[in-house]
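Notes for the structure review
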Amino acid sequence: MVHYLDHAATTPLRPQALAAMQAQWGQVGNPSSLHTAGRQARRVVEESREQIAALIGAKPADVIFTSGGTEADNLAVKGLARNSQRRRVLVSAVEHHAVLDPANALAEEGKIVELIPVDALGRVDVSALEQMLDDDVALVAIMWANNEVGTIQPVAEVAGLCAARGVPFHTDAVQALGQIDLDLSDIPSVALSAHKVGGPVGVGALVLDRDLAVRPLVHGGGQERDVRSGTLDTAGIAGFAAALAADKPDLAPLRDALVDGVLRVVPDAILNGDPVDRLANNAHFSFPGCPGDALLMLLDAAGVAVSTGSACTAGIPQPSHVLLAMGADESVARSSLRFSLGWNSAPEDVDALLSALPAAVERARRAGGL
Ligand code: PLP
């Protein structure tokens, strides 16, 4: 039996999403076709669009379906910046690679990409951003909540600041969706992903204010208001809406039990991220002297699935750019693990972690290698 504590990477499909998709998989009909079968598929897409928009305080017409969070981020970052004569692109230092890498691609095209600093808890420095804003800024991108350490950003404040300066603002809400009650009404550009909330992998959305002109990445049949061509995945979109509509358990009490338990069984563990303004499903620790990847493998052998939270490049674990931006040194950044909960997490999953962790930490420490 696997105790799955990696819901931030992907969370199991919710039964409601599976049922909604099964109802569509047997159907034929391209939502762009004009005949009855096409119109039936279109109705499912539009009802799902309305349902998703209602659940996040957005306008249905602003929802552009994509192949996931990565495409939504790429479309916003590249599409908004390329459409602007302005040269500067400001992104927080703790963004996911789905934002950082398109920003770096823009740098190759002549844009000037600058990182907005964060404090030791991973919160963006709003006054630094204020100083950075000027009439040459094409785009600001700051994620709603961090995928590694769970810190929630002051998104409404940043959106207000950018609006006052006439600068488009994009936020990656992939980890925040389903964990925080989102109200997107004053946020011009937001990336979402279905598989982090129990919908299918390969479906997401960019929720983009219609007043913002974006240059498409994918050209073709002109679907999704000519911004994102490609036949719509009716079943996947229905699954996304059903997953988002499903009841969400309050994960904070179980997360708090996990945090307290880890600090009890490994007293020198360090909780990273904002202790208060953090995602209810996230706990992220550094274990001094303990290589995170070795610890991950030892826990895996004990039936507990966790993550180092940071990306691998060609199979080689990299120190987390998020922790480095928060001021951690490289050895601390390499000694970290993320535990993330989801809709079907149970106290037994936390118990399994707490019983396996002390021996795993001990062994990983002895093996060394940091
Ligand atoms: N943004 C964040 C913050 C994420 O955590 C992820 C997924 O790991 C993504 C974007 C990418 O989303 P997707 O897997 O749907 O492409």
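Note: the structure precedes this text.
Basis of the calculations
Residues numbered from 1 in each chain as written. Predicted model: local features only at pLDDT ≥ 70, side-chain atom pairs only at ≥ 80, totals over all residues. Heavy atoms only, no water. Pairing = 2+ DSSP bridges. Helix = DSSP H or I, 4+ residues; strand = E, 2+ residues; numbered from the N terminus. Near = heavy atom within 4 Å. Polar contact = N/O pair within 3.5 Å; in protein donor to acceptor, adjacent residues only side chain to side chain. Areas by Shrake-Rupley, 256 points an atom, 1.4 Å probe, with all protein chains shown as cover. Nonpolar A, V, L, I, M, F, W, Y, C, P; charged D, E, K, R; others polar. Axes fitted to C-alpha atoms, helices over the stretch in contact; angles between N-to-C directions. Parallel < 35°, antiparallel > 145°, perpendicular 65-115°, else oblique. Left-handed = near helix turned anticlockwise from the far one by under 90°. Contact = heavy atoms within 4.5 Å. Expected span 1.5 Å × (residues − 1). Buried < 20%, exposed > 50% of the residue type's maximum accessible area, 1.4 Å probe, protein only. Phe/Tyr/Trp six-rings, centres within 6.5 Å; stacked < 30°, edge-to-face > 60°. Core = buried A, V, L, I, M, F, W, Y, C linked by side-chain atoms within 4.5 Å. Salt bridge = Lys/Arg side-chain N within 4 Å of Asp/Glu carboxyl O.

The subject of this paragraph is the sheet that holds strand β9 (residues 270–271). Strand order in the open sheet made by the 3 strands is β9-β10-β14, with antiparallel pairing throughout. The sheet is open, and its two borders are formed by β9 and β14 (336–340), each paired with just one other strand. Two strands pair when backbone bridges link them, and β9 and strand β10 (residues 282–286) are joined in this way by 2 bridges, in the antiparallel orientation. From the neighbouring strand, Leu 271 faces β10, where its bridge partner is Phe 285.

With respect to spatial proximity, 13 residues lie near the ligand, and among them Thr 70, Asp 172, Gln 175, Ser 193 and Lys 196 are the closest. One nitrogen or oxygen atom from the side chain of Ser 193 is found 2.7 Å from an oxygen atom belonging to the ligand. A total of 390 Å² of accessible area belongs to the ligand in isolation, and the protein chains cover 84% of it. Element by element, the count of residues in the shell around the ligand is highest for helix α3 (residues 69–82), at 3 residues. Residues belonging to the shell around the ligand are distributed by class as follows: 2 nonpolar, 8 polar and 3 charged.

Now for the packing of α3 against helix α4 (residues 97–108). It is the contact of α3 with α4, at a shortest axis distance of 9 Å, that shows an interaxial angle of 30°. The pairing of α3 with α4 is recorded here as roughly parallel in orientation. Classified by chirality, the crossing of α4 by α3 is right-handed. Contacts between α3 and α4 involve Thr 70, Asp 73, Asn 74, Val 77, Lys 78, Ala 81 and Arg 82 from the former and Ala 98, Val 99, Pro 102, Ala 103, Ala 105 and Leu 106 from the latter. Tallied by class, the residues present in the contact of α3 with α4 amount to 8 nonpolar, 2 polar and 3 charged.

This next bit is on helix α8 (residues 252–265). Here α8 contains 14 residues, and its C-alpha end-to-end distance of 20 Å stays within 8% of the 20 Å for a straight helix at 1.5 Å per residue. When α8 is considered as a whole, its buried residues turn out to be Ala 252, Leu 254, Arg 255, Leu 258, Val 259, Gly 261 and Val 262. As for α8, its buried residues are in contact with β9, β10, β14 and α12 (347–367).

The next thing to look at is the packing of aromatic side chains. Tallying each qualifying case throughout the model produces 3 aromatic pairs. Measuring from ring centre to ring centre gives 6.0 Å for Phe 285 and Phe 287, while their planes differ by 35°; the resulting arrangement is tilted. Overall, Phe 285 belongs to the buried group, its relative accessible area being 0%. Their ring planes at 65° and their centres at 6.5 Å tell us that Phe 287 and Phe 339 sit as a pair that is edge-to-face. A residue pair is termed long-range when its members are at least 10 positions apart, and Phe 287 in the loop between β10 and α9 (292–301) and Phe 339 in strand β14 qualify at 52 residues. Here the two residues Phe 287 and Phe 339 agree in accessibility, since each one is buried. Joined through ring pairs, the aromatic side chains of Phe 285, Phe 287 and Phe 339 make up one cluster.

The next subject is the pairing of β14. Most of β14 sits inside the fold, with 5 of its 5 residues counted as buried. Where β10 meets β14, 5 bridges bridge the pair, whose relative direction is antiparallel. By the bridge assignment, His 284 is partnered in β14 with Arg 338.

Spatially, β2-β8-β7-β6-β5-β3-β4 is the arrangement adopted by the 7 strands of the open sheet, whose pairing is mixed. If you trace the sheet from one side to the other, it starts and ends with β2 (63–66) and β4 (112–116), each paired once. Taken pair by pair, the neighbouring strands of this sheet meet at an average axis angle of 20°, ignoring direction. Sheet topology places strand β5 (residues 137–141) next to strand β6 (residues 169–172); 2 bridges connect them, and they run parallel.

Let us now look at the nonpolar core. Formed by 57 residues in total, the largest nonpolar core has its most connected members in Ile 56, Phe 65, Leu 129, Val 140, Trp 144, Phe 169 and Phe 240. The contact partners of Ile 56, leaving out residues within four places of it in the chain, are Leu 177, Leu 182, Asp 183, Leu 184, Leu 192, Val 207 and Leu 244. Leu 5, Val 266, Leu 357 and Val 361 belong to the second largest nonpolar core, which has 29 residues in total.

With that settled, the discussion passes to the pattern of salt bridges. Taken as a whole and assessed by the stated rule, the structure comprises 14 salt bridges. With a shortest N-O distance of 2.8 Å, Arg 228 and Glu 71 are connected by a salt bridge. Placement of the pair is Arg 228 in the loop between β8 (204–208) and α7 (234–245) and Glu 71 in helix α3, with a sequence separation of 157 residues. Across this residue pair, the class does not change: Arg 228 and Glu 71 are buried. Among the salt bridges present, the one from Arg 87 reaches Asp 136, with a minimum N-O distance of 2.9 Å. Note that Arg 87 is positioned in the loop between α3 and β3 (88–92) and Asp 136 in the loop between α5 (126–132) and β5, a separation of 49 residues in sequence. The network of salt bridges with shared partners includes Arg 42, Glu 46, Arg 49 and Glu 224.

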